[in-house]
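Read off the chains here:
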Amino acid sequence: MKAILRLTLWIFISCWVVAHATACSDAIDAQSDETRDAVRWQFIEAHSGTSNSPALVLSVVQLYVAQAVDNSTCAEKGNSISLDAQQHALWLPILQHYLADPFSAEKDLANTAYSTLTETVSLASMSPSEAVLAAITAELLFNTYQFELATDVLTRFPPSSMPQALGPVMTLLKGKIYLRQRENTEAIEIFKSLVNDDSLSVVVQFKAGVLLGEAYLDDNQVNAGRLALSNSEALLEGPDGHLLANDDVITLYDNVGFLYIKLAQQTPETADYNLSEALRYERKALAAAEKDNNIKQQITIHSNIAWLQSRRQDFNASQYHLLTLLVLLQSHEDPDLEAFTYQNVSTVYFRLGEYNKAAAYLHGAIERVADNAPKVKAELQCRLAQSLMRSGVTTSAAPLVRACYEGLMTGTVYEKQAIALVASLEAADLGIATPVAADALTEQLKQLVNEDIDVSLKTEAVLKLADIAYQRGATNEASDWLASLSDEQVQVTSLLAVKVRKRQYEILLKRGDVESDAYAEATHAMIISQLRAMSGNDMSAAWRHSVNDFYTLWLAQLMKKNTPASNAYLAGNLLLLNELNIRQQPFSLDATRQQRLNALNTQRFDSGVAPLAVRLQQLLEVDLLRHASMYASKTQTSEQVNEVTAGGTSQTLCDIQDCLAQVQASLGAGERVVLYVPAEQHIRAVVISADTVTLHAIAPLQTLVALAEEAALSVMQRRQDAERRLQTLAEQLFAPMLTEDSASTWIVAGHVPVNTVSLNALVASLPSPPAAFKRVMSSTRTVQNQNMASDSAVIRVLATQQINAQSGELAALDALPWAKVEAEQIQAAFAPQPIDVLLNNAATDEALFSEDTRQANILHIAAHNIYDPTEPDVVGLALNQASANGTGGTLIDIRAIEHSGFANNLVFLNACDTANGRDFDGVGSLSLARAFLQSGAQTVVATKWPIVDRASGMFAAHFYRAIQSGSNAEQALNLAIAGMQSSRRYKHPYYWAGYELTQRHL
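Residues numbered from 1 in each chain as written. Predicted model: local features only at pLDDT ≥ 70, side-chain atom pairs only at ≥ 80, totals over all residues. Heavy atoms only, no water.

Engineer: I'm lost on the packing of helix α22 (residues 414-429) against helix α23 (residues 438-448) in this one. Help?
Structural biologist: Between two packed helices, the angle of one axis relative to the other and the distance separating the axes together describe the packing. Direction vectors running N to C along α22 and α23 enclose 150 degrees, while the axes themselves pass 9 Å from each other. The two elements α22 and α23 meet at a crossing, and its hand is left-handed. For the pair formed by α22 and α23, the contact residues are Y414, Q417, A418, L421, V422, S424, L425 and A428 on the first element and A438, L441, T442, Q444, L445 and L448 on the second. Of the residues assigned to the contact of α22 with α23, the class counts are 10 nonpolar, 4 polar and no charged. (Axes fitted to C-alpha atoms, helices over the stretch in contact; angles between N-to-C directions. Helix = DSSP H or I, 4+ residues; strand = E, 2+ residues; numbered from the N terminus. Left-handed = near helix turned anticlockwise from the far one by under 90°. Contact = heavy atoms within 4.5 Å. Nonpolar A, V, L, I, M, F, W, Y, C, P; charged D, E, K, R; others polar.)

And the structure:
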């Protein structure tokens, strides 16, 4: 929580330089940056005869440190200096380098100054000008994290031997080096000596007091830190407060914020107040840093605020500050600050359960962390190991766990030891070799949980101990561990809260405790509260998985009752969860944002395994776009964005009984809504009619999955038994409805346990299929999925035979020669009604997102869709890219589609795998089809596997002939399947069983 600040030397050295350096005295006395710069350039010109003199170096260093030269000034002055060839080669590139790459230029300048100082200056004969050079060189080395070289300068030229004004400055710098290297005892002694020296100016005492408070807090001496910071605040408010440098005031506010965080950790009962105070001071620091245009401090303070907001569970506000600081970081290269920033970013994502994102930023932090910070590196390795293990990646976790344990357990910091122990125990659970036995790790962790450690870490540690006790059958011990957590500790993050309550519910069930029902109800209410407070974008995979685990347990208990009342309650819960799980925060993308998303998606696809830097840039850009409504303006100041709107929306959502009542009121005679529920390795079907709710047992989940995989394999291999295997699976999955009247309508809502085969194909394989079948994404019509249907009569076709990419993976895509024939067949099906056909170079990204396309009654797309089961996040529609020369390809990102308002009544995605994507518990596949449904399309026809170019055109022709004859979309799909079955060439399910139709809502 500490900013690394540039020391402002000019205040301390000005009076001394006036007496000893005539050329520099004018610059120091000058009232404007322009005058000061002009004098310094004159000084450089005056010393043009000695290319490596300390005086010349000093002037260049002073000019550089002032940072008052803009691009034009540097170019103009640099070209006019009367330097000889050696001088020009030495200094001008450094100054020009600064404009393009400030951090590395500053490091080059520091190293050049250090070489000049150590090679040409001795303490015995040091001039006043050389003493100033020594002080500035030490400061530059500190600012570029070269602590050993800075310490060497201070050793060669000790503060006690410096002129009177420079001595305290260099002493202060010595203390800062100790503080940065976590040698707090030495730092405290130095800062105390400066604070207590009444001969020093208020400026020096203020600086020392602020740093003394920081050192005390870092050493966990909270009361002493509070006193030091309080005294510094008194100086700021005193008569000399106007003399104090803004940098130091910012550091004071930042450290007071750090103080309140420490107080929150010490006294949980007042944590809310202390965290609010911490946030208030950090905002004051940020406002001051923005006023001063200090990018480095802004980055650090945004990081602090992001951490605080995540600690307060305001993850949307936290995300805003993370995005802001990452954008700022792009303009300020600084490896040490990048490591610190990436560590904080990964901490927030880790708390959210976004382990893939956390791992990416942890990799970035580890690459950048300084070699002289082994403890920091070991902690990063711990968190990376945990992120990988929780993401299901165990192959590279073992060496990280060992390095983490060996790096942190040798110290005496309890918090770091707890991190290492939790990570090691998680590895032991997965069968990964650990440095010591699991029993020994458990005993070590038990000794630490009562120490003063971060609340979220303590909750993780206690939960791990409870899990260990539960797994060995010690339910009382497990319950005692969980009972030791306060409400504040349990609720530290949404993810941990669900994990803790799920484990406690398991304990109650195992004991047969009569309170288990009430506890489950309370947990359910907590989860619904969490859901209402967040959008679909905020639901991490880990959170969804934990919630799904709880509901699997609870719904299994509800289903055991199997009474009309319990079944109705069960159905209402399922409908509400379905509604909340598909919800997402809507925002509108303009053309520029659409293009950026698509460009990133294309880059990732074309590059294969992207380098770390590219992946981090993609994460940033996608999150900026994903949270575009929150991160609306980069020109807003921190005071304008002090409070960021929470993740939830004001949408009206049904209550449990209202959800059921809405659905039942919409059902006609013979219509049935089916919801599938996993319960203890079995699948149950809840069947809702207009006046009843019934519960039915289905085959075990393992059996259904095996049948689905065998059916899909049989179809893809074009075996003769394919239709029989589809029928066998259908009879198992639809068993409850097969007892109903064959004239009924089946409506499957929400997630289905079998996701590899089209439900429409399964229904078609039955000897006596229902009169109608529907698959719906949402079972109720809320504000989120309100009818956005277009009233246009336009039919638009986008078809691409070839992507015009010149290189990369897009260029390697096979041609689709039958796409043009498919478009012509659709035209023939609707003749004489005209339709819009955009072919090849006309079928572009710009055409897709045009108003005419998004408002068309029917949108048909014949193109390539990209989906790779090994990397399911890369999903997109391959189209040609609109450009002046008509060349180039692009991969349309599904997020660009989700947030672009497609209001079509029917979208037909005639490409490979358009119904496939990353699968999430309770949600289904995040596919191209789902993106169009989320965006507003009413009905989508999509594919479950790769399709054949010529056959897909034939299927579309059958479908649209039925539409033109008056059939609705469901009927047309059935007729298209029947048409393919009647064809000698395309009768095998391979050509038609991949098509599935999904409606937005009932």
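This is not the end of the story, as more comes after the structure.
Engineer: Hey, could you run me through helix α21 (residues 397-408) in this one?
Structural biologist: Because an α-helix packs 3.6 residues into every turn, residues spaced three or four apart end up facing the same way. Under the 1.5 Å per step criterion, the end-to-end length of α21 is 16 Å for 12 residues, consistent within 8% with the ideal 16 Å. All buried positions along α21 are accounted for by A397, L400, V401, C404, Y405, G407 and L408. Lining the buried residues of α21 we find α20 (374-390), α22 and α23. (Expected span 1.5 Å × (residues − 1). Buried < 20%, exposed > 50% of the residue type's maximum accessible area, 1.4 Å probe, protein only.)

Engineer: Sorry, what's going on with unusual backbone geometry here?
Structural biologist: Residues apart from glycine generally show negative phi values, whereas peptide bonds are mostly found in trans. For the bond from A831 to P832, the omega torsion is 10 degrees, close enough to zero to count as cis. Along the chain, the position of P832 falls in the loop between α39 (819-830) and β7 (836-839). Of note in this structure, N220 is not a glycine but carries a positive phi near 65 degrees. Mapping N220 onto the fold places it in the loop between α12 (202-218) and α13 (222-237). Despite not being glycine, D913 has its phi angle at roughly 55 degrees, a positive value. Tracing the sequence through the fold places D913 in the loop between β12 (906-910) and β13 (917-920).

Engineer: Please explain the environment of Q297 as it appears in this structure.
Structural biologist: Relative to the helices and strands, Q297 resides in helix α16 (residues 295-311). Looking at Q297, the relative accessible area reads 1%, which means it is buried. Here the alpha-carbon distance between Q297 and T251, two residues 46 residues apart in the chain, equals 8.7 Å.

Engineer: Sorry, what's going on with the packing of aromatic side chains here?
Structural biologist: In this structure the tally under the stated criterion is 25 aromatic pairs. Look at F734 and W746: their rings are 5.2 Å apart centre to centre, the planes differ by 45 degrees, and that puts the pair in the tilted class. With F734 in the loop between α35 (722-733) and α36 (735-738) and W746 in strand β4 (residues 745-749), the pair connects residues that are 12 residues apart, well separated along the chain. Its relative accessible area of 0% is what places F734 among the buried residues. W746 gets classed as buried once you look at its relative accessible area, which sits at 3%. A ring pair is formed by Y990 and Y991, whose centres lie 5.1 Å apart and whose planes are at 85 degrees; its orientation type is edge-to-face. Joined through ring pairs, the aromatic side chains of F830, F908, F955, F959, Y960 and Y995 make up one cluster. The ring of F350 carries the charged tip of R383 above its face, separated from the ring centre by 4.6 Å. Seen from the ring of Y990, R718 lies directly overhead, with NZ or CZ sitting 3.9 Å from the centre. (Phe/Tyr/Trp six-rings, centres within 6.5 Å; stacked < 30°, edge-to-face > 60°. Lys NZ or Arg CZ within 6 Å of the ring centre and 35° of its normal.)

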